[in-house]
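What the coordinates show
Next come the chains, spelled out residue by residue.
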Amino acid sequence: MEHPLKKYRTLHSLSQGELAEKLECSKQTVCRIELGRRKPSIDLMAKIARVTNNVVTPNDLLFSNGGSHEDGLVNAGAAE
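Described below are features of the structure shown in this document.

Reading guide: rules and limits
- Residues numbered from 1 in each chain as written.
- Predicted model: local features only at pLDDT ≥ 70, side-chain atom pairs only at ≥ 80, totals over all residues.
- Heavy atoms only, no water.
- Helix = DSSP H or I, 4+ residues; strand = E, 2+ residues; numbered from the N terminus.
- Buried < 20%, exposed > 50% of the residue type's maximum accessible area, 1.4 Å probe, protein only.
- Areas by Shrake-Rupley, 256 points an atom, 1.4 Å probe, with all protein chains shown as cover.
- Axes fitted to C-alpha atoms, helices over the stretch in contact; angles between N-to-C directions.
- Parallel < 35°, antiparallel > 145°, perpendicular 65-115°, else oblique.
- Contact = heavy atoms within 4.5 Å.
- Nonpolar A, V, L, I, M, F, W, Y, C, P; charged D, E, K, R; others polar.
- Salt bridge = Lys/Arg side-chain N within 4 Å of Asp/Glu carboxyl O.
- Core = buried A, V, L, I, M, F, W, Y, C linked by side-chain atoms within 4.5 Å.

1. Quick word on the overall build of the protein
Of regular secondary structure, the protein possesses 5 helices and 2 strands. For the protein, the sequential pattern of α-helices and β-strands runs α-α-α-β-α-α-β. Burial status across the protein gives 36% buried among its 80 residues. Accessible area for the protein stands at about 4,900 Å²; split by element, carbon and sulfur atoms hold 50% of it.

2. With respect to the packing of helix H2 (residues 16-23) against helix H4 (residues 42-51)
Put simply, H2 and H4 touch, their axes get as near as 9 Å, and they point 110° apart. Judged on the interaxial angle alone, H4 and H2 are roughly perpendicular. Residues Leu 19, Lys 22 and Leu 23 of H2 form the contact with H4, whose own contacting residues are Leu 44, Lys 47, Ile 48 and Val 51. A class-by-class count of the residues in the contact of H2 with H4 yields 5 nonpolar, no polar and 2 charged.

3. Focus on the environment of Arg 37
One can find Arg 37 in the loop between helix H3 (27-35) and strand S1 (38-40). Spatially, the C-alpha atoms of Arg 37 and Asn 65 are 8.4 Å apart, while their sequence positions differ by 28 residues.

4. Focus on the pattern of salt bridges
For the structure shown, the criterion picks out 2 salt bridges. Here Glu 34 ties to Arg 9 by a salt bridge, and the two come within 2.6 Å at their closest N and O atoms. With Glu 34 in helix H3 and Arg 9 in helix H1 (residues 4-11), this residue pair connects regions lying 25 residues apart in the sequence. Side by side, Glu 34 and Arg 9 carry an identical accessibility label, which is buried. The partner of Glu 24 in a salt bridge is Lys 47, with the nearest N and O atoms 3.1 Å apart. Taken together, the positions of Glu 24 in the loop between H2 and H3 and Lys 47 in helix H4 put the pair 23 residues apart, joining distant regions of the chain. Given a relative accessible area of 57%, Glu 24 falls into the exposed group.

5. Examining the nonpolar core
Grouped together as the largest cluster of nonpolar side chains are 14 residues, with contacts concentrated most on Leu 23, Val 30 and Ile 48. Only H1, H2, H3 and H4 provide two or more residues apiece to this core. In this structure, Val 30 is in contact with Leu 5, Gln 16, Leu 19, Ala 20, Leu 23 and Cys 25, ignoring residues within four places of it in sequence.

Below, the structure is given as structure tokens:
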């Protein structure tokens, strides 16, 4: 199943770098969120909701597995 953030990004023809710039985070953070390797911080979830006009909600981000590793999740965006 495609991650909601990736679905939004591809639908709007945005690269990971372009979306990262809008979210004020790194391209790697966007990549890891889309792959399901990281869950975004609360602040980053709020930015994602704002940037996507609530098309991608915090619930989408919390309950989406992305593409993989659910047991290796780390908080993304905390140091950015």
